[in-house]
Amino acid sequence: MEDNNPPTQSPPRKHRKASIPTTIYSLSEDLILTIFLYLPSLATLIRAALTCREWRHAVASSPSFRRLFCELHPAPLLGLFFNAPTVVENPDFPAFPNFVPVRHRDRDLAAVLRGSDFFLTSIQEHPDKFHCWGITDCRRGYILLHNGDMEASRPMALLNPLVRRGERFFDDGHENAYEGYVGCPMERDTCLLFSDDNPMVYKVVRLIYDASRVRATVYSSHNNKWSIGPWVDVSMQPQSSRMWILNSNMQVNGFLYWVSRNFKYLVTLDTATMKFSVEELPEFLKNQHCSFKVGEMSRDTPCIFYATGFKVGILLRKIDNDGVERWLRVWRKCLKTQLFEVFRVVLLNYNELQVVAVEGGFVYLALSKKFHEVQIPSWFFTLCLKTGKMEKLFQRSYDSVVYPYVLAWPPSLVGNFGRFARGDDA
Amino acid sequence: MAAPESGDGNNGAARMVTLISSDNTRFEVEAAAASLSQTLQLTILDGGGGGGDGIPLPNVDSATLSKVLEYCIKHAPAAANGGAPNATAVDRAELERFDNEFVNIDQSVLYSLIMAAHNLEIEGLQSLVAKKVADMIKGKSPMEIRRTLGFPDPTPEEQAEMNAHMLEYGWAYE
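These numbers come from a predicted model, not from an experiment.

Each value, and the rule that gives it
Residues numbered from 1 in each chain as written. Chains lettered and ligands numbered in written order. Predicted model: local features only at pLDDT ≥ 70, side-chain atom pairs only at ≥ 80, totals over all residues. Helix = DSSP H or I, 4+ residues; strand = E, 2+ residues; numbered from the N terminus. Buried ≥ 20, exposed ≤ 12 C-beta atoms within 10 Å, placed from the backbone. Contact = placed C-beta atoms within 7 Å. Domains from an automatic or database assignment. Nonpolar A, V, L, I, M, F, W, Y, C, P; charged D, E, K, R; others polar. Core = buried A, V, L, I, M, F, W, Y, C linked by C-beta atoms within 7 Å.

Draft legend 1. Local environment of the overall build of chain A. Tallying secondary structure elements over chain A gives seven helices and 25 strands in all. The 426 residues of chain A split such that 39% are buried. Taking the contacts inside chain A whose residues are at least 6 apart along the sequence as the reference set, 47% of them involve residues at least 24 apart.

What follows is the structure, encoded as structure tokens:
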């Protein structure tokens, strides 16, 4: 600790004499990071890190600091994207996802909302695309959108509302994706996958299926091409519907999950090995009043969170008595009392919970009422799986697919990536 | 009121130690207060710092050390009570008032303090100052942070990098 100067380039800062007062430059990287741990949210940290090259480098080069910061300050939810209730494939009927922000009091979080493109204006300017977009996935600050125009060239768009002029357009599938199908081939919405090693590299996966088989088609950002995986027989009972897999789009730790229409099976794709597996879901999830999602209990742990009425529960992958790994219920609870504490008499308008998404240790839920005569908009709220704390978001109709948008770490702060990579780090 | 027996085996008067700053000023202070520093605690437990010896602190000047000791003396009784589970609300409020006022000082002193707290491993003081500096950072754009914390004007090279960042992370600069 003899020399507390950060390794700066400018020579004058290096010669600190006793007579010169101590400045912010006198602090070591360690101390700067200690101070950063007290910043209230990731938004503040990003602004602080952009103050100078040394600070950005301090954050980017310390995985242990980032881990600790994430533990102390979970990535903040900025809002929810709602797809348009119906997307008509016609240029005369505009359809854009709606973003509903969460109203934080924090100035830095307000700055993110004020200064970003949550209206998705960058894609509306595109001359060749219908004003007809739906989100198919949302990961690490990026949203993946599909244009409703079946004739459009490069109808997929990937964009980060926080990054100006960063949108990319590409094809929505391989021309031979259906080759060799039996019966009627179908496809599901595209899923977005990021590599953990390099946040600039991503893949897009589209599931294709026919009467009894599935196949993965994958777009890779490094060569801008789609590739096709083999058909895989998932040997389930014959399905009554030809659309027997739901557009569920769930992802944990490199695994993608789809639920069958009868809620009987879970189809899983391990994107590391590109191997499919199928297993039966527990009986109680097949109840038509039950709503559930597969998601992240924590960063690496998949869970199923379900709700029936106001009763909720969690299933984890566990070794069963017979030595086989299954989804087993590890926790259940009736949330009615806690809900009443949060919503008071408003709760009386509702009779059930719907699970919207499970991400990053938070469950996104909607208070709803089934079989109502008068439409009552849902109340959206979050439930922290670690602390059990509930946080009200806003009231809105739950009439389409919803994607939580959480502030993500910019690539230039998680290592030597992107436009601002330092050449001297090699 | 009888003085509580100190745990270091000395009955009656509290044990004193001498600390010597980088500019050779000697500070005599109760061992209990100096022991808020994890680094000093080890030396003191080994019997150092008593008599005419003194513990030299070559990285801390006298102005900073006197400020550090002001903090330690104020916090020593609560620390001796093991985080003060039986402290009254009044005591806690008084410490909080002291802390708030304590960090209401020039930035150069703040930075010297956090460096000293880090060197001497005084956790409470380090987090107190870190929190104060974090409060000065929050709610500001990078340029406002530079101004608040007294950064020099950016070099042309730094300005070019900031302009590039601004294109990409425009929201952060608003």
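Draft legend 2. Spatial organisation of the domain arrangement of chain B. Residues and elements named next belong to chain B. Partitioning chain B into structural domains gives domain 1 (16-80 + 89-138) and domain 2 (139-174). Just the C-alpha atoms count here: the centres of domain 1 and domain 2 sit 34 Å apart. Contacts between the two partners involve four residues from domain 1 and, on the opposite side, six residues from domain 2. In terms of residue class, the side of domain 1 that touches domain 2 is built from two nonpolar, one polar and one charged.

Draft legend 3. Up close: the domain arrangement of chain A. Along its sequence, chain A is carved into domain 1 (11-72) and domain 2 (284-401). The C-alpha-based centres of domain 1 of chain A and domain 2 of chain A are spaced at 39 Å.

Draft legend 4. Representation of the nonpolar core within the structure. Ranked by internal contacts, the top residues of the largest apolar core, which has 152 residues, are A:Phe81, A:Leu365, B:Val68 and B:Ile114. Each residue touching A:Phe81, except ones within four places of it in the same chain, is listed here: A:Pro97, A:Phe99, A:Ile135, A:Cys138, A:Ile143, A:Val402, A:Tyr403 and A:Tyr405.

Draft legend 5. Spotlight on the interface of chain B and chain A. With 36 residues of chain B in contact, the opposing surface of chain A contributes 36 residues. The greatest single-element share of the side of chain B that touches chain A, amounting to seven residues, is contributed by helix 5 (residues 107-120) of chain B. Within the side of chain B that touches chain A, the residues separate by chemical class into 16 nonpolar, 12 polar and eight charged.

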